[in-house]
Protein chains: 2
Amino acid sequence: MAKRPATIIHVAEKARVSVKTVSRVLNNEPNVTPDLKERVLAAVEKLGYSPSKAARTMAGSRSYLLVAFNDRRLTLDNWRSERGNEWIDQMLYGAMLRCEQSGYHLMFELVDRESDQLEKQITAVLSSLQPDGVILTPPNCENPVVLGALKKRNIPFVRLNTPVRGQGPRVYMDDRAAARQATRHLLGLGHKRIGMIAGDYKFSSSIQRVETFVATMEAAGIAVPEAWVYQGDFTFEAGVAGANALLDLPEPPTAIMASNDQMALGVVSVAQARGIAVPGALSILSYDDSIGVRLSVPSLTAVRQPVARMAEKAADMLITASASGEKLTAGSQLLPFELMVRASTGPAPR
Amino acid sequence: MAKRPATIIHVAEKARVSVKTVSRVLNNEPNVTPDLKERVLAAVEKLGYSPSKAARTMAGSRSYLLVAFNDRRLTLDNWRSERGNEWIDQMLYGAMLRCEQSGYHLMFELVDRESDQLEKQITAVLSSLQPDGVILTPPNCENPVVLGALKKRNIPFVRLNTPVRGQGPRVYMDDRAAARQATRHLLGLGHKRIGMIAGDYKFSSSIQRVETFVATMEAAGIAVPEAWVYQGDFTFEAGVAGANALLDLPEPPTAIMASNDQMALGVVSVAQARGIAVPGALSILSYDDSIGVRLSVPSLTAVRQPVARMAEKAADMLITASASGEKLTAGSQLLPFELMVRASTGPAPR
DNA sequence: GACGGCGATGGGAGCGGTATCATTTAAGAG
DNA sequence: CTCTTAAATGATACCGCTCCCATCGCCGTC
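Residues numbered from 1 in each chain as written. Chains lettered and ligands numbered in written order. Predicted model: local features only at pLDDT ≥ 70, side-chain atom pairs only at ≥ 80, totals over all residues. Heavy atoms only, no water.

## Points about the pairing of strand 2 (residues 105-111) of chain A
Part 1 of the argument: Among the seven residues of strand 2 of chain A, seven are classified as buried, and the element is accordingly described as predominantly covered.
Part 2 of the argument: Going residue by residue along strand 2 of chain A, you find A:His105, A:Met107, A:Glu109 and A:Val111 tucked away on one face and A:Leu106, A:Phe108 and A:Leu110 tucked away on the opposite face as well. (Buried < 20%, exposed > 50% of the residue type's maximum accessible area, 1.4 Å probe, protein only. Helix = DSSP H or I, 4+ residues; strand = E, 2+ residues; numbered from the N terminus.)

## What about the pairing of strand 5 (residues 170-173) of chain A?
Residue and element names in this part refer to chain A.
Part 1 of the argument: Neither face of strand 5 is exposed, since Arg-170 and Tyr-172 on one face and Val-171 and Met-173 on the opposite face are all buried.
Part 2 of the argument: Two strands pair when backbone bridges link them, and strand 4 (residues 157-160) and strand 5 are joined in this way by two bridges, in the parallel orientation. Of the residues in strand 5, the one forming a bridge with Leu-160 is Val-171.
Part 3 of the argument: Alignment of strand 5 against strand 11 (residues 332-335), held across four bridges, turns out to be parallel. Directly across from Tyr-172, in strand 11, lies its bridge partner Leu-334. (Pairing = 2+ DSSP bridges.)

## A closer look at the packing of helix 9 (residues 175-188) of chain A against helix 10 (residues 204-219) of chain A
Relative placement of two packed helices is described by the angle separating their axes and the distance separating the axes.
All names here are of chain A.
Part 1 of the argument: Direction vectors running N to C along helix 9 and helix 10 enclose 40°, while the axes themselves pass 8 Å from each other. If you check the angle between helix 9 and helix 10, you find them oblique. The two elements helix 9 and helix 10 cross, and the hand of that crossing is right-handed. On helix 10, the residues touching Asp-175, Arg-176, Ala-179, Arg-180, Thr-183, Arg-184 and Leu-187 of helix 9 are Ser-205, Gln-208, Arg-209, Glu-211, Thr-212, Phe-213, Thr-216 and Met-217.
Part 2 of the argument: Each residue belonging to the contact of helix 9 with helix 10 can be placed in one class, and the counts come to four nonpolar, five polar and six charged. (Axes fitted to C-alpha atoms, helices over the stretch in contact; angles between N-to-C directions. Parallel < 35°, antiparallel > 145°, perpendicular 65-115°, else oblique. Left-handed = near helix turned anticlockwise from the far one by under 90°. Contact = heavy atoms within 4.5 Å. Nonpolar A, V, L, I, M, F, W, Y, C, P; charged D, E, K, R; others polar.)

## Looking at the domain arrangement of chain A
Part 1 of the argument: Here chain A is partitioned into domain 1 (8-51), domain 2 (65-173 + 307-337) and domain 3 (175-304).
Part 2 of the argument: Just the C-alpha atoms count here: the centres of domain 1 of chain A and domain 3 of chain A sit 60 Å apart. (Domains from an automatic or database assignment.)

## Observations regarding empty space enclosed by the protein
Part 1 of the argument: As enumerated under the stated definition, the model contains five cavities of 30 Å³ or more in all.
Part 2 of the argument: Put simply, the largest cavity is a space of about 300 Å³.
Part 3 of the argument: Along its surface, the largest cavity is lined by 21 residues, and A:Lys53, A:Thr57, A:Leu65, B:Lys53 and B:Leu65 are the ones closest to its centre.
Part 4 of the argument: Contributing elements (two or more residues each) for the lining of the largest cavity: helix 4 (53-59), strand 2 and helix 7 (118-129) of chain A together with helix 4 (53-59), strand 2 (105-111) and helix 7 (118-129) of chain B. (1 Å grid on protein atoms, 1.4 Å probe; cavity = no way out; pocket = protein on both sides within 12 Å on 5 of 7 lines; lining within 4 Å. Points joined across faces, edges and corners; volume = space filled by probe spheres on them.)

## Some remarks on the protein's contact with DNA strand D
Part 1 of the argument: For DNA strand D, the set of nearby residues contains 26 residues, the closest of which are A:Ile8, A:Tyr49, A:Ala59, B:Asn31 and B:Thr33.
Part 2 of the argument: Of what DNA strand D places within 4 Å of the protein, 64% of the atoms are sugar or phosphate.
Part 3 of the argument: Contributing elements (two or more residues each) for the surface near DNA strand D: helix 2 (19-26) and helix 4 of chain A together with helix 2 (19-26) and helix 4 of chain B.
Part 4 of the argument: Here the surface near DNA strand D is built from residues that sort into twelve nonpolar, ten polar and four charged. (Near = heavy atom within 4 Å.)

## Considerations on the pattern of salt bridges
Part 1 of the argument: Scanning the model with the defined rule gives 44 salt bridges over all chains in all.
Part 2 of the argument: Put simply, A:Arg294 and B:Glu82 hold a salt bridge, and the shortest N to O gap is 3.7 Å. Residue A:Arg294 is found in helix 13 (residues 291-295), and its partner B:Glu82 is found in the loop between helix 5 (72-81) and helix 6 (86-101); the two belong to separate chains.
Part 3 of the argument: A:Arg294 sits in the partly exposed class, given a relative accessible area of 23%.
Part 4 of the argument: Judged by its relative accessible area of 15%, B:Glu82 is buried.
Part 5 of the argument: Connected through salt bridges with shared partners, the residues A:Glu82, B:Glu86, B:Asp289, B:Arg294, B:Arg304 and B:Arg342 form a single ionic network. (Salt bridge = Lys/Arg side-chain N within 4 Å of Asp/Glu carboxyl O.)

Encoded structure:
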């Protein structure tokens, strides 16, 4: 009763051609008579045939599969806390749809950056799935173990949103420019004491944002004491802790920028708990423009990262390279960001 | 330079056993001497070997792959509008982690319920991916075309969160009880005129919620005019339209329940625009407990669905059945929901 | 008109596993 | 000590596809 799916042999028989010719038609290879091509396509249609990915992977040099390596800790934390996972949603959105267009599939994998089995994990995924390409998201895209494993096996990869150059192709946005624009936005509003809640320094964009923040402040004639920068780990709780630390300073900042949405929301909750008016007494700025940030009260000024577009571009590069058989060029793609000015930033209290 | 991954043959050679014995060890088959088993495992470890999924799929009867069929329209709408996609996030969360535990993978697929190519789409996925099982989410889990295609090919599936019985195994919550409890909650607060913004009737839980709402109202001695029920399609915009329709009634309701989070947030935005106090003049209740609902101002009273747990259970059923080789029993799993009472529901205005 | 070259097609060898069945080995019965 | 029997192991045929190479015909060239 279990209807077995048609194979290429059935198609070949029905079209009265050889298996090889069917393969040619399916892969758009040249040198096939229109007549034969038509017969094959008709047979394919009639039998509802769709080539087995597994067989293709085994026999050929392509698997029609891309893998996205995501950070396990951050992803699980987001899922568990149910505070949304916009970065991943948008990544899936961009990459999946691009894959679909070319008959590719996207496999979502979580890797634990702290595990001493990291290389083994990666290797296992690569050899069991044999993907045609890999999309690396922060912080994996900067992890030498991950990069090394990929290079050793000569598997094409594209790094998403990393400032680190020279390690292979990447799709990114200008994080420095974003940090500069964000800092200037606050300076322009008259803020002199600005605190920053940084992200995990395993993400090098975290470091860049801090550096650029400090540099931009200094360029405006304001030295940034160490106490103004709190190092968090991208969690809501870190935002709370950072906000408390900053607001407990003898001279607390009048504005706080947080390196991602969860931490920014943590700052908001602290302000609320302490009865601090936002933006009246405290301006808050986020580096992720997710739904929580937009729905927050007040809605937060935030840097908007083109995550879906970056993912789409990354998938595009990998698929194009794999289809053409050419080696992926190490080029970088720069995508524009946007500073969404909303209600959480206002003039510094006098 | 490109390091080729080790194959079962390399392992067999290194362990000085036959290929078949390696296969036995890898699949935990009985009748292998501890001595050999150990040698094989050592070789596996040393070579960093991980069996090729593609080869296993081709040769064996399992593919170690589950597919989740999700509604294309709703998913894309959620992604595009960037209002979060909690249902899918939680589905991934539950199902993926369960898959990981058993060396399975989860493939996320979008299918267009309106397409006349629907059956062809499904068939193509099934024959190209050959999954060991399929997770169906609403409204696909009630779509006869989808169910038919699956049954024709004898592919095990589990339906998520559908009230429809007798079509195969499912994991669900008691939607009627939820609707009843939600309605009673509002009745208990003294509301007499309650409006409902229903979901797309393609989702049979939408229908159930409406029916139960009406029945519960009638049991309390209140007849529900047709105008009190607005049919939406789960989008924010539908919530806006529904709220406007309900609030424009000669005798507008003092409470509105919306069949999902997006529509509930639409209602909130209308109330805000019209200057209607929530919950002072209007109580609002949602059927999804997502981040938007929790962060909304005021935070919304909502039915909390155990999506991650349902997905985990579904994956578990499929994997267990596939591993044991037994046919999936048609049993159903009922999981508990919870009514989260928050700030958006209050006593009816006198 | 023989020959080279190229476009169009087919034949058959794998790819890396699993499944079936044969074979060897060891244990227990008579 | 032989014979039976089951456990332990191996040999080998696929699975469905792509890739390499052979073949065949047809044209143009000198």
